[in-house]
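Residue-level listing of the chains:
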Amino acid sequence: MNVVILDRAERAEEFAAAILLSQIRNEPFSKLGLATGRTMEGIYSHLVQANRDGLDFSQLLTFNLDEYVDLSPIDVCSYRYYMNEYLFDETNIEPENTFIPRGNPISLQQEVQEFRNKLREVGSIDVQLLGIGENGHIGFNEPPSLFGSETRVVTLSDETRMQNLDAFGGVLEDVPKRAITMGIKTILEAKKLVLVATGRHKSQAVHDAVEGPLRASLPASAIQLHHDVWVILDEAAAQDLNLTAYYRSHTKNNQLAEEYRTFITKYMR
Ligand code: GLP
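Residues numbered from 1 in each chain as written. Predicted model: local features only at pLDDT ≥ 70, side-chain atom pairs only at ≥ 80, totals over all residues. Heavy atoms only, no water.

So, the overall build of the protein
Part 1 of the argument: Per the secondary structure count, the protein includes nine helices and ten strands.
Part 2 of the argument: Taking 2.2 N^0.38 as the reference for a compact globule, 269 residues should give roughly 18 Å; the C-alpha atoms of the protein span a radius of gyration of 17 Å, in line with that estimate.
Part 3 of the argument: Taken along the three principal axes of its C-alpha coordinates, the protein extends 50 × 40 × 35 Å.
Part 4 of the argument: Taken over 269 residues, the protein has a buried fraction of 57%.
Part 5 of the argument: Sequence-distant contacts, at least 24 apart, represent 79% of the contacts inside the protein between residues at least 6 apart.
Part 6 of the argument: Accessible area for the protein stands at about 11,900 Å²; split by element, carbon and sulfur atoms hold 49% of it.
Part 7 of the argument: Of note, the protein has its 26 positive side-chain charges centred 4 Å away from the centre of its 38 negative side-chain charges. (Helix = DSSP H or I, 4+ residues; strand = E, 2+ residues; numbered from the N terminus. Rg over C-alpha atoms; globule rule 2.2 N^0.38 Å. Buried < 20%, exposed > 50% of the residue type's maximum accessible area, 1.4 Å probe, protein only. Contact = heavy atoms within 4.5 Å. Areas by Shrake-Rupley, 256 points an atom, 1.4 Å probe, with all protein chains shown as cover. Lys, Arg positive; Asp, Glu negative; His and termini not counted. Charge placed at Lys NZ, Arg CZ, Asp CG, Glu CD.)

Structural data, given as structure tokens:
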């Protein structure tokens, strides 16, 4: 596992963006797995800038991890709206190449099936971006989530609903109680995982995901089963890790990490 610890959140966002942007540069037809949440906003601003600077996004296919049940795509609190606002409307990504489950379909089961089918049809996602919830969720795979789970409808925990309260004007009753999410198995099928966490409030979940035992009650710990994982952190989110000295020296000596650093100085600053 590649654990990269950077001095502040902006550097972590930049590094994560560099992984995505070098992927797009090398393979303009890439399939990207995208995530939502505050952590992602800075990352998407780098992508928007790169697109303005001439990097073409028109051949990309994108798949989002999740969506709230009952919210329509034009609801300002929906993840579709978030993605349009922070990335899709600001770049030349083709709208028909962006896949996010609809939160208010006629049949939820059919929506789930269609999303599963689409993923199967296009094959593996090249790079899957992940945030992490304070309770260790990825996507909306709440504890406990089976490592064999696929895209499905889930019940959101009160803790997660509380954490997302701001986006709903602080009214808990307005935060949906269910969501559609890619499953853990689906996420692990991506070729590369990039988990990004910043801030002290994420440090326990990061520790449990990276160094703790594998368990359904800490869904993010499933990343330990993958063969190509990048965990990008700021110092605050890395605070509870035990092996930081090792991670730092590994990053220093890692050829690919060096390439991403070069990419940042060459194309992003
Ligand atoms: C939501 C999303 C997750 C995201 C998490 C953390 O629950 N479904 O995919 O990782 O929020 O969000 P933030 O980056 O705002 O802390």
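Now that the structure has been shown, we can carry on.
Let's talk about unusual backbone geometry
Part 1 of the argument: A cis amide bond links Pro143 with the next residue in sequence, Pro144, at an omega value of -5°.
Part 2 of the argument: Inspection of the secondary structure assignment puts Pro144 in the loop between strand E6 (127-130) and strand E7 (152-155).

Brief notes about the layout of surface pockets
Part 1 of the argument: As a volume, the largest pocket reaches approximately 710 Å³.
Part 2 of the argument: Contributing to the lining of the largest pocket are 32 residues, with Thr36, Gly37, Arg38, Tyr79 and Asn164 lying nearest its centre.
Part 3 of the argument: Those elements that provide at least two residues to the lining of the largest pocket are helix H2 (38-52), strand E4 (66-68) and helix H3 (79-86).
Part 4 of the argument: Residue contributions to the lining of the largest pocket peak at four residues, all from H3.
Part 5 of the argument: Grouping the constituent residues of the lining of the largest pocket by class yields 13 nonpolar, twelve polar and seven charged.
Part 6 of the argument: Considering only enclosed or pocket space, the second largest pocket measures out at about 220 Å³ in volume.
Part 7 of the argument: If you trace the second largest pocket, you find it lined by Arg116, Leu119, Arg120, Gly123, Ser124, Ile125, Glu150, Thr151, Lys185, Thr186, Glu189 and Ala190. (1 Å grid on protein atoms, 1.4 Å probe; cavity = no way out; pocket = protein on both sides within 12 Å on 5 of 7 lines; lining within 4 Å. Points joined across faces, edges and corners; volume = space filled by probe spheres on them. Nonpolar A, V, L, I, M, F, W, Y, C, P; charged D, E, K, R; others polar.)

Some words on helix H8 (residues 244-253)
Part 1 of the argument: Those residues of H8 that fall on the buried side of the exposure criterion are Thr244, Tyr247 and Thr251. All buried residues of H8 fall inside an arc of 60° around its axis, so they share one side. Residues of H8 that are exposed and point over 90 degrees away from its buried face: Ala245, Tyr246, Lys252 and Asn253.
Part 2 of the argument: Buried residues in H8 make contact with strand E1 (2-6), helix H7 (203-211) and helix H9 (255-268). (Arc of directions from axis to C-beta.)

Details of the confidence of the model for the protein
Part 1 of the argument: For the protein, per-residue confidence averages 98 on the pLDDT scale, and 100% of positions sit at 70 or higher.
Part 2 of the argument: Ranking the helices and strands of the protein by mean pLDDT puts strand E9 (residues 192-197) first, with 99, and helix H5 (residues 158-163) last, with 95. (pLDDT = per-residue confidence, 0-100.)

Notes on the packing of helix H1 (residues 9-26) against H2
Part 1 of the argument: Orientation of H1 relative to H2, taken along the N-to-C sense of each, is 50°, at an axis distance of 9 Å. Looking at the two axes, H1 sits oblique to H2. Crossing of H1 over H2 shows right-handed handedness. Of the residues in H2, those touching H1 at Glu13, Glu14, Ala16, Ala17, Leu20 and Leu21 are Thr39, Gly42, Ile43, His46, Leu47 and Ala50. (Axes fitted to C-alpha atoms, helices over the stretch in contact; angles between N-to-C directions. Parallel < 35°, antiparallel > 145°, perpendicular 65-115°, else oblique. Left-handed = near helix turned anticlockwise from the far one by under 90°.)

Quick notes on the nonpolar core
Part 1 of the argument: Judged by nonpolar contacts, the single largest core of 74 residues is most densely connected at Phe15 and Ile232.
Part 2 of the argument: Discounting chain neighbours no more than four positions away, the residues touching Ile232 are Val4, Leu6, Ala12, Phe15, Ala16, Ile19, Val194, Leu195, Val196 and Ala197.
Part 3 of the argument: Counting residues in hydrophobic clusters, the runner-up holds eleven residues, among them Tyr68, Cys77, Leu165 and Ala179. (Core = buried A, V, L, I, M, F, W, Y, C linked by side-chain atoms within 4.5 Å.)

Observations concerning the side chain of Thr186
Part 1 of the argument: The topology assignment puts Thr186 in helix H6 (residues 184-188).
Part 2 of the argument: With sequence-adjacent residues up to four places away left out, Thr186 is seen in contact with Leu119, Ser149, Glu150 and Thr151.

Overview of the site of the ligand
Part 1 of the argument: Around the ligand, the surrounding shell holds 13 residues, and the nearest of these are Arg38, Thr39, Asp66, His137 and Lys202.
Part 2 of the argument: Within the backbone of Arg38, a nitrogen or oxygen atom sits 2.8 Å from an oxygen atom of the ligand.
Part 3 of the argument: Bound to the protein, the ligand loses 94% of the 390 Å² it would expose on its own.
Part 4 of the argument: In this structure the site holding the ligand corresponds to the largest pocket.
Part 5 of the argument: The residue inventory of the shell around the ligand, partitioned by class, reads three nonpolar, seven polar and three charged. (Near = heavy atom within 4 Å. Polar contact = N/O pair within 3.5 Å; in protein donor to acceptor, adjacent residues only side chain to side chain. Sits in = over half its atoms within 2 Å of the grid points.)

So, the environment of Leu61
Part 1 of the argument: Among the structural elements, Leu61 can be located in strand E3 (residues 61-64).
Part 2 of the argument: Put simply, Leu61 and Asn97 are 36 residues apart on the chain and 4.9 Å apart in space, counted from C-alpha to C-alpha.
Part 3 of the argument: If sequence neighbours within four positions are ignored, Leu61 has contacts with Ser30, Lys31, Leu32, Asn97, Phe99 and Val122.

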